[in-house]
Amino acid sequence: MTGNNLSHQECIYVNGAEKLTISRNIFWKCRGTSAINFTQSGPTAQEGPRDMVVENNVFELGLEPNTDKPLSAGSIQGCLQCVGTNIMRNNLWLQEPILYPQAKWLVTANVGPITSCNSGTTYRYNVSTSRTCGSGDIVRTDALNASWYEDRANHKWRYLPGHPAAGRGDPASMPAIDLFGTARPLGGLPDAGPVEIN
Ligand SMILES: [Ca+2]
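The sections below set out a description of the structure shown in this document.

Cut-off values and rules
- Residues numbered from 1 in each chain as written.
- Predicted model: local features only at pLDDT ≥ 70, side-chain atom pairs only at ≥ 80, totals over all residues.
- Pairing = 2+ DSSP bridges.
- Helix = DSSP H or I, 4+ residues; strand = E, 2+ residues; numbered from the N terminus.
- Axes fitted to C-alpha atoms, helices over the stretch in contact; angles between N-to-C directions.
- Core = buried A, V, L, I, M, F, W, Y, C linked by C-beta atoms within 7 Å.
- Buried ≥ 20, exposed ≤ 12 C-beta atoms within 10 Å, placed from the backbone.
- Contact = placed C-beta atoms within 7 Å.

### Side note on the sheet that holds strand S12 (residues 121–124)
Spatially, five strands are ordered S2-S5-S8-S10-S12 in an open sheet, and the strand pairing comes out parallel. Each edge of the sheet is formed by a strand with only one pairing partner; in this case those strands are strand S2 (21–23) and S12. Each neighbouring strand pair of the sheet contributes to a mean axis angle of 10 degrees, computed without reference to strand direction. Summarising the sheet, strand S5 (residues 53–55) and strand S8 (residues 86–89) pair through three bridges and their orientation is parallel. From the neighbouring strand, Glu55 faces S8, where its bridge partner is Arg89.

Listed below in structure tokens is the structure:
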């Protein structure tokens, strides 16, 4: 696909949807502002996306429009005007979502960089490579290291034994299955990120 800097080249562009669940995808080489861009369909909050769920996804590097430069951030554009209850859980991202105070998100049991704590967001049980923002969050700077994955370079994201996210998921909020269809939880405690292991 070709385009110019005015065109949207995201993988998924969500405009004013309700109760949409985006689950069990591996995104790579999405271009534009993000892999998923949530936007309102009109000028007021009531026209914003409502009750979105983003779970069990892997967000590999996104790219700037028309170049192969990686984005600095923006696996997900969390929308200026999402309303209702919006959840990002058990995802893995190489680039941090862009969140705004106006939209209320629950961000739980994700794996990847979280460098700033958005004031409108509830964080918990994330395995962050950078900092903690809420209860149950931990910092593991090695959480994205290739040595923890089956074959990271070829999009094979199964965790290897001892993965830093094992047992670090949210006991109160988890998808029933993982990215590969495995039932959660295994081994007593749920794991953070999109993959469940013992
Ligand atoms: Ca487990």
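### Brief notes about the nonpolar core
Residues Ile36, Phe59 and Ala165 are the most contacted members of the largest nonpolar core, which totals 39 residues. Elements with a contribution of two residues or more to this core: strand S4 (36–39), strand S6 (58–59), strand S9 (92–93), strand S10 (105–108) and strand S16 (156–159). When sequence neighbours within four positions are dropped, the list of residues in contact with Ala165 reads Val111, Val127, Ala143, Tyr159, Asp191, Ala192 and Gly193.

### Focus: the sheet that holds strand S1 (residues 12–15)
Spatial strand order, S1-S4-S7: three strands in an open sheet with parallel pairing. On the outer flanks of this sheet lie S1 and strand S7 (76–77), each paired with one strand and no other.

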